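# Observations on the three-dimensional arrangement
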Amino acid sequence: MGNSVQILTDKITLIASPTTWVEGLAIQQLRHTAALAGMVKVAGMPDLHPGRGYPIGAAFFSQGCIYPALVGNDIGCGMGFWQTSLPLAKVKIDKLARRLVDLEGPLGAPWAELVAQGKARLGIDNAHFDQALGTIGGGNHFAEFQAVDCLHDAGAFPGDPSRLLLLVHSGSRGLGQAILARHLVEHGHEALAADTPAFGTYLAQHDEAVRWAELNRELIARRFLAAIRAEGQCLFDLNHNLVSPYSLAGQAGWLHRKGATPADQGLVVIPGSRGDYSYLVQPKADAKALHSLAHGAGRKWQRGECKSRLSHKYRREDLVRTRFGSQVICADKTLLFDEAPQAYKDCHSVVDDLVQAGLVQLVARLKPVVTFKTQGGCAG
DNA sequence: ATGTGC
């Protein structure tokens, strides 16, 4: 267990075995961020990789202040995990994929009442980004149908493992972006002291974006369920990009999760790339990783360098099917390369680091069936 | 990541 818990300094813990590949720049960013004023404790996850100034795949505990720029633009980004009513025995991959049409534009009139209900239920007043509610967005966001491939702990599985599953990864779209942009104009990257009016302003907007992102994932899931003519229920929904109140050793402060899944809210899914397994795991109560876990396999290659690395070797046709026979729907060629399985670490090695660190127990291994990115991409 | 450019 000690083998995958690296104590870098008295402030910084890295959950990764010595053989897990972590880019030097990411460690540099981790150290840099840990040195910011008010930063008390930092935990890097085995999916740690470089971001824009701040690393992705880490949790940061501060006291007296927060760093909105560290949370970043995609406030509330996370994973919604659903069980559909469709028995796996009835699933035909091509037929399922063919039903995934008209899932990217605004939801439109038939959904207006559900959208209004959802906004009321979650206390969302902002209406400027209503057109984006129910849309996945770009980058590493996706909606993926999955199947249980291997059940490690049948008793801990939260639903019926013989049904098709749906994992939704998305966030607050333009809303989070607008909130950060507005904040940066006035305050830049500086610490935001907890006793200032600007803190209250930011946090109220941040919290609304977190709720907006949750509603977005719910609407995406319902939209995909409607497309495949199935019912479904949410098994859990978790944010991996946010700042929230947290206590460490009895000391109150703030926990920034920057691509770090909470370990204190029940079961979580750690998704691999579209050509890899994902893992349903049961977190164990443990503060050494700041009650946080990896939020995915983590990038091995930077976005943007993937196309040049892969385009000589693979054509579009090679990338829209995976080794599992699962189908990939992604009309944006750049995105098709940027999110290729080769660009990500092996998810099992990342999850194994968490197991070795005593942070999680395996519940099930999941495999992709259909991964939806976008139908209407024009770039590339 | 992004109402994703001039």
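The model shown is predicted, which means the values in this text are computed figures rather than measured ones. (Residues numbered from 1 in each chain as written. Chains lettered and ligands numbered in written order. Predicted model: local features only at pLDDT ≥ 70, side-chain atom pairs only at ≥ 80, totals over all residues. Heavy atoms only, no water.)

## Details of the packing of helix α5 (residues 173-187) against helix α6 (residues 197-227)
α6 packs onto α5 with a crossing angle of 165° between their chain directions and a minimal axis gap of 9 Å. Relative to α6, the element α5 is oriented roughly antiparallel. Where α5 crosses over α6, the two elements pack in a sense that is left-handed. Residues Arg-173, Leu-175, Ile-179, Arg-182, His-183 and His-187 of α5 form the contact with α6, whose own contacting residues are Ala-198, Tyr-202, Gln-205, His-206, Ala-209, Trp-212 and Asn-216. Its residues assigned to classes, the contact of α5 with α6 shows 6 nonpolar, 5 polar and 2 charged. (Axes fitted to C-alpha atoms, helices over the stretch in contact; angles between N-to-C directions. Helix = DSSP H or I, 4+ residues; strand = E, 2+ residues; numbered from the N terminus. Parallel < 35°, antiparallel > 145°, perpendicular 65-115°, else oblique. Left-handed = near helix turned anticlockwise from the far one by under 90°. Contact = heavy atoms within 4.5 Å. Nonpolar A, V, L, I, M, F, W, Y, C, P; charged D, E, K, R; others polar.)

## A closer look at the environment of Trp-82
Structurally, the position occupied by Trp-82 is in strand β6 (residues 78-87). For Trp-82, a relative accessible area of 3% puts it in the buried group. Along the backbone, Trp-82 and Arg-163 are 81 residues apart, and their C-alpha atoms lie at a distance of 10 Å. Not counting residues within four places of it along the chain, the set of residues in contact with Trp-82 comprises Leu-165, Leu-166, Glu-218, Ala-221, Arg-222, Leu-225, Gly-232, Gln-233, Cys-234 and Leu-235. (Buried < 20%, exposed > 50% of the residue type's maximum accessible area, 1.4 Å probe, protein only.)

## Brief notes about the pairing of β6
In terms of residue burial, β6 counts as a mostly covered element, since 8 of its 10 residues are buried. Relative to strand β8 (residues 163-170), β6 is paired through 7 bridges, and the arrangement is antiparallel. Across the sheet, Gln-83 pairs through a bridge with Leu-165, a residue of β8. Here β6 runs beside strand β10 (residues 232-239); their pairing, made up of 7 bridges, is antiparallel. Note on β10: the bridge partner recorded for Gln-83 is Gln-233. (Pairing = 2+ DSSP bridges.)

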